[in-house]
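A closer look at the structure
The lines below spell out each chain.
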Amino acid sequence: DAGVTQSPTHLIKTRGQQVTLRCSPKSGHDTVSWYQQALGQGPQFIFQYYEEEERQRGNFPDRFSGHQFPNYSSELNVNALLLGDSALYLCASSGGQGTYNEQFFGPGTRLTVL
Amino acid sequence: GNSVTQMEGPVTLSEEAFLTINCTYTATGYPSLFWYVQYPGEGLQLLLKATKADDKGSNKGFEATYRKETTSFHLEKGSVQVSDSAVYFCALSGGYGGSQGNLIFGKGTKLSVKP
């Protein structure tokens, strides 16, 4: 049983570019959450998707957007990249509606913005 | 808003030493509390959790007790091993004004265990 998978593993972009990160949830899970983890910091919640809709959103600008597909996989898009967007982006999946259900994390995508 | 504060690292211990990593939280109501562990190059793994006051979460020799009176959830292990070397994150979700699906993390504490 594959766990949460993310692609790509690493990514290098320049300021002003746009990036798309992808996540496939653990089998049987229907809820996907995205987190940003800056170096030396704890993860910060970006948003959560359930039934192809954004259910919750953290304190991130509109440059950060997402999508969930009918097969529950998800994408995170970041427009107009800034140097400060350099971080490890973590995807987590859970079953049900994300309430008291364990969130299983993927290995992350390391984004570097030059 | 809700927040989590955990002790600064890094923490370096010898094998078989006793481990405590302090974690305190700020939240109204009754949030759920978690400890996650991140091994080098890997994603976060749930280590243990507690969903109500006085609950004790335990796993792999690690324990933490949900103390509402002191708003704490300290992580302890009686005898650490080299394989416990990792970064440990305290986290919460829920409580009044908080969401059950949104985890709020502390900054993490890096543990290094020497043989």
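These numbers come from a predicted model, not from an experiment.

1. Section: the sheet that holds strand S3 (residues 19–24) of chain A
Residue and element names in this part refer to chain A. Sheet architecture is open: four strands sit in the order S1-S3-S8-S7, paired in antiparallel fashion. The two strands at the open ends of the sheet, each matched to only one other strand, are strand S1 (5–7) and strand S7 (64–68). Ignoring which end each strand starts from, the neighbouring axes of this sheet average 20° apart. In the sheet, S1 pairs with S3 via three bridges, with the strands oriented antiparallel.

2. A word on the pairing of strand S7 (residues 56–59) of chain B
Residues and elements named next belong to chain B. Here S7 runs beside strand S8 (residues 62–65); their pairing, made up of four bridges, is antiparallel. Of the residues in S8, the one forming a bridge with Gly57 is Ala64. Taking the residues that link successive antiparallel strands as the turn, the S7-S8 hairpin has two residues, and the phi of Lys60 there is positive, at about 55°.

3. Digging into the nonpolar core
Membership of the largest hydrophobic core comes to 27 residues, with the highest contact counts inside it found for Trp35, Leu48, Phe73, Leu75 and Tyr88 of chain B. Breaking this core down by element, the ones donating at least two residues are strand S2 (11–14), strand S3 (19–21), strand S4 (23–26), strand S5 (31–38), strand S6 (44–50), S8, strand S10 (86–94) and strand S12 (109–114) of chain B. The element that contributes the greatest number of residues to this core is S10 of chain B, accounting for four residues. Filtering out sequence-adjacent residues up to four positions away, Tyr88 of chain B remains in contact with Gln6, Ile21, Trp35, Tyr36, Val37, Leu47, Phe62, Leu75, Gly108, Thr109 and Leu111 of chain B. Judged by nonpolar contacts, the second largest core, of 20 residues, contains Phe47, Tyr49, Leu76 and Tyr89 of chain A.

Calculation rules
- Residues numbered from 1 in each chain as written.
- Chains lettered and ligands numbered in written order.
- Predicted model: local features only at pLDDT ≥ 70, side-chain atom pairs only at ≥ 80, totals over all residues.
- Heavy atoms only, no water.
- Pairing = 2+ DSSP bridges.
- Helix = DSSP H or I, 4+ residues; strand = E, 2+ residues; numbered from the N terminus.
- Axes fitted to C-alpha atoms, helices over the stretch in contact; angles between N-to-C directions.
- Core = buried A, V, L, I, M, F, W, Y, C linked by side-chain atoms within 4.5 Å.
- Buried < 20%, exposed > 50% of the residue type's maximum accessible area, 1.4 Å probe, protein only.
- Contact = heavy atoms within 4.5 Å.

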